[in-house]
Amino acid sequence: MEHPENDAQYTGLTVNSGVAQPPSVNPYLKKFKRKPLPSPAEMVERILKGDVTTLSRAVTLVESINPDHQTVAQEVIEKCLPYSGNSRRIGITGVPGAGKSTSIDVFGLHVLKKGGKLAVLAIDPSSERTKGSILGDKTRMEKLSIHPDAFIRPSPSAGSLGGVARKTRETIVLCEAAGFNNIFVETVGVGQSETAVHSMVDFFLLIQLAGTGDELQGIKRGIMEMADGIVINKADGDNIDRARLAQAQFRSALHLFPPTTSGWMPEVLTYSGYYELGIEEVWAMIDRYFDFVMSNGYFEHKRRQQARYWMFESIDNQLRSNFYNNPEIKVLLENLENEVLSNRLSSFIAAKNALDFYYGEKK
């Protein structure tokens, strides 16, 4: 490459030619070969023995959009299903900054002290533009991430909360088969993820903050009605009085709602995840809830309702996928889109025409 700066008129100014650009791919990469994927039967055998590496590979297959991977994943899930259902599934939600990851870190360590194993499935926020994800949950669970009996798996929402929730539901089955008897599912904390996570857990914990001006915003029927327990985080230092005031407000708000289907009255507690204050009390509340729903039969009833919900949810997803992946529908939709954009056809008529064609083809 010629540099005009090297011309004689620019005496004393010289631009070096530089060094050759190194290859972008590691030349030694060919020496490292990825291990071949085990057969579904081998994967199930290893998962049942508690092999975390195989469990991670199986979860990756579940999250993959490759049809071949999906086929293997479904076979593994089907074989693991008889060994699932033996855990406590706890959903944890709250506004961003409420301290969900910090709380999970201390809650998880408290659970592991009692014995057993813990899996944390975190739905990680993703960029709406690139669909990329930071996957930073492990970095914020410093103690739990290095514990030998803990398994942390962040999954990017990638703009599709319903899709990642379905995969999280399947991941729960694999984790339970691997011997994890405590499952934490952390939500993004914004949007519809709370509803999806509520439909796959036994206990739904809502983490709130005090002194942020959000007390009235928190008193909304949607999220409050789903919560089995509400905890006010960061109840330490100068914030203790504000936390107690928020606790009283939430307790008053709960009395305005109709009784829950389980018969359980949600409790409101305060604690500090950072200083690990009140953790024992929060977990004692969760123990009381499980004792309550186990004794009145609601636990099994809810599990059956959730299985039914995900059956119909899977049917909806499959119908949607079949419709949009149909080659003839793709061509038709492109033509109908042009008709709509040129104001020659309304959006509703175009949709009806597409569906009529699809159903007529299926007859």
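See the structure above.
Cut-offs used in this document
- Residues numbered from 1 in each chain as written.
- Predicted model: local features only at pLDDT ≥ 70, side-chain atom pairs only at ≥ 80, totals over all residues.
- Heavy atoms only, no water.
- Helix = DSSP H or I, 4+ residues; strand = E, 2+ residues; numbered from the N terminus.
- Buried < 20%, exposed > 50% of the residue type's maximum accessible area, 1.4 Å probe, protein only.
- Contact = heavy atoms within 4.5 Å.
- Areas by Shrake-Rupley, 256 points an atom, 1.4 Å probe, with all protein chains shown as cover.
- Expected span 1.5 Å × (residues − 1).
- Axes fitted to C-alpha atoms, helices over the stretch in contact; angles between N-to-C directions.
- Parallel < 35°, antiparallel > 145°, perpendicular 65-115°, else oblique.
- Left-handed = near helix turned anticlockwise from the far one by under 90°.
- Nonpolar A, V, L, I, M, F, W, Y, C, P; charged D, E, K, R; others polar.
- Phe/Tyr/Trp six-rings, centres within 6.5 Å; stacked < 30°, edge-to-face > 60°.
- Polar contact = N/O pair within 3.5 Å; in protein donor to acceptor, adjacent residues only side chain to side chain.
- Patch = residues over 30% accessible without salt bridge, like charges linked within 9 Å, V, L, I, M, F, W, Y side chains within 5 Å.
- Salt bridge = Lys/Arg side-chain N within 4 Å of Asp/Glu carboxyl O.
- Core = buried A, V, L, I, M, F, W, Y, C linked by side-chain atoms within 4.5 Å.

Points about the overall build of the protein
Inference 1: Scanning the protein from terminus to terminus reveals 14 helices and seven strands.
Inference 2: Taking all 363 residues of the protein together, the buried fraction comes to 42%.
Inference 3: Considering only contacts in the protein between residues 6 or more positions apart, those separated by 24 or more positions represent 73%.
Inference 4: Roughly 21000 Å² of accessible area belongs to the protein as shown, and the carbon and sulfur atoms make up 55% of that amount.

Notes on helix α12 (residues 298–324)
Inference 1: With 27 residues, α12 should cover 39 Å at 1.5 Å per step; its first-to-last C-alpha distance of 39 Å lies within 8% of that length.
Inference 2: If you check which residues of α12 are buried, you get Tyr298, Phe299, Lys302, Arg303, Gln306, Trp310 and Phe323.

Comments concerning the packing of helix α1 (residues 40–48) against helix α2 (residues 52–63)
Inference 1: Closest axis-to-axis distance for the α1/α2 pair is 9 Å, and the angle between their directions is 130°. Our classification of the angle between α1 and α2 gives oblique. In this structure, α1 crosses over α2, and the sense of that crossing is left-handed. Facing α1, whose interface residues are Met43, Arg46 and Ile47, α2 presents Thr54, Leu55, Arg57, Ala58 and Leu61.
Inference 2: Its residues assigned to classes, the contact of α1 with α2 comprises five nonpolar, one polar and two charged.

Considerations on the environment of Met200
Inference 1: Mapped onto the elements, Met200 comes out in the loop between α7 (193–198) and β5 (203–209).
Inference 2: Once the C-alpha coordinates of Met200 and Gly91 are considered, the two residues, 109 residues apart in sequence, prove to be 8.2 Å apart.

Quick look at the packing of helix α4 (residues 100–113) against helix α11 (residues 279–296)
Inference 1: Where α4 meets α11, the closest approach of the two axes is 10 Å, and the angle between their N-to-C directions is 70°. Taken as axis vectors, α4 and α11 run roughly perpendicular relative to one another. For the pair α4 and α11, the crossing hand works out as right-handed. Of the residues in α11, those touching α4 at Val106, Phe107, His110 and Val111 are Ile279, Glu280, Val282 and Trp283.
Inference 2: For the contact of α4 with α11, the class distribution of residues is six nonpolar, one polar and one charged.

Some points on the packing of aromatic side chains
Inference 1: Applying the stated criterion across every chain yields a total of 13 aromatic pairs.
Inference 2: Taking 6.3 Å as the distance between ring centres and 55° as the angle between the ring planes, the aromatic pair formed by Phe290 and Phe299 counts as tilted.
Inference 3: On the basis of relative accessible area, Phe290 is assigned to the buried category, the value being 2%.
Inference 4: Three or more aromatic residues joined by ring pairs make a cluster, and in this case those are Phe203, Trp264, Tyr289, Phe290, Phe292 and Phe299.

Considerations on the side chain of Ser87
Inference 1: Within the fold, Ser87 resides in the loop between α3 (67–80) and β1 (88–94).
Inference 2: On the basis of relative accessible area, Ser87 is assigned to the buried category, the value being 6%.
Inference 3: Side-chain polar atoms of Ser87 contact the side chain of Glu176, separated by 2.5 Å.

With respect to a nonpolar patch on the surface
Inference 1: Residues Met311, Phe312, Ile315 and Leu319 make up a contiguous nonpolar surface patch of about 370 Å² in total accessible area.
Inference 2: You can see Phe312 is positioned in helix α12.

Thoughts on the nonpolar core
Inference 1: Among the nonpolar cores identified, the biggest contains 48 residues, and Leu174 and Met224 are the most heavily contacted of them.
Inference 2: Residues Ala98, Met141, Val231 and Val282 belong to the second largest nonpolar core, which totals 34 residues.

Quick look at unusual backbone geometry
Inference 1: The backbone of Glu276 sits at a positive phi, close to 55°, despite the residue not being glycine.
Inference 2: Examined against the element boundaries, Glu276 turns out to sit in the loop between β7 (267–270) and α11.
Inference 3: On the accessibility criterion, Glu276 (42% relative accessible area) is partly exposed.
Inference 4: One non-glycine residue, Asn343, lies in the positive phi region at around 60°.
Inference 5: Relative accessible area serves as the criterion here: at 72%, Asn343 is assigned to the exposed category.

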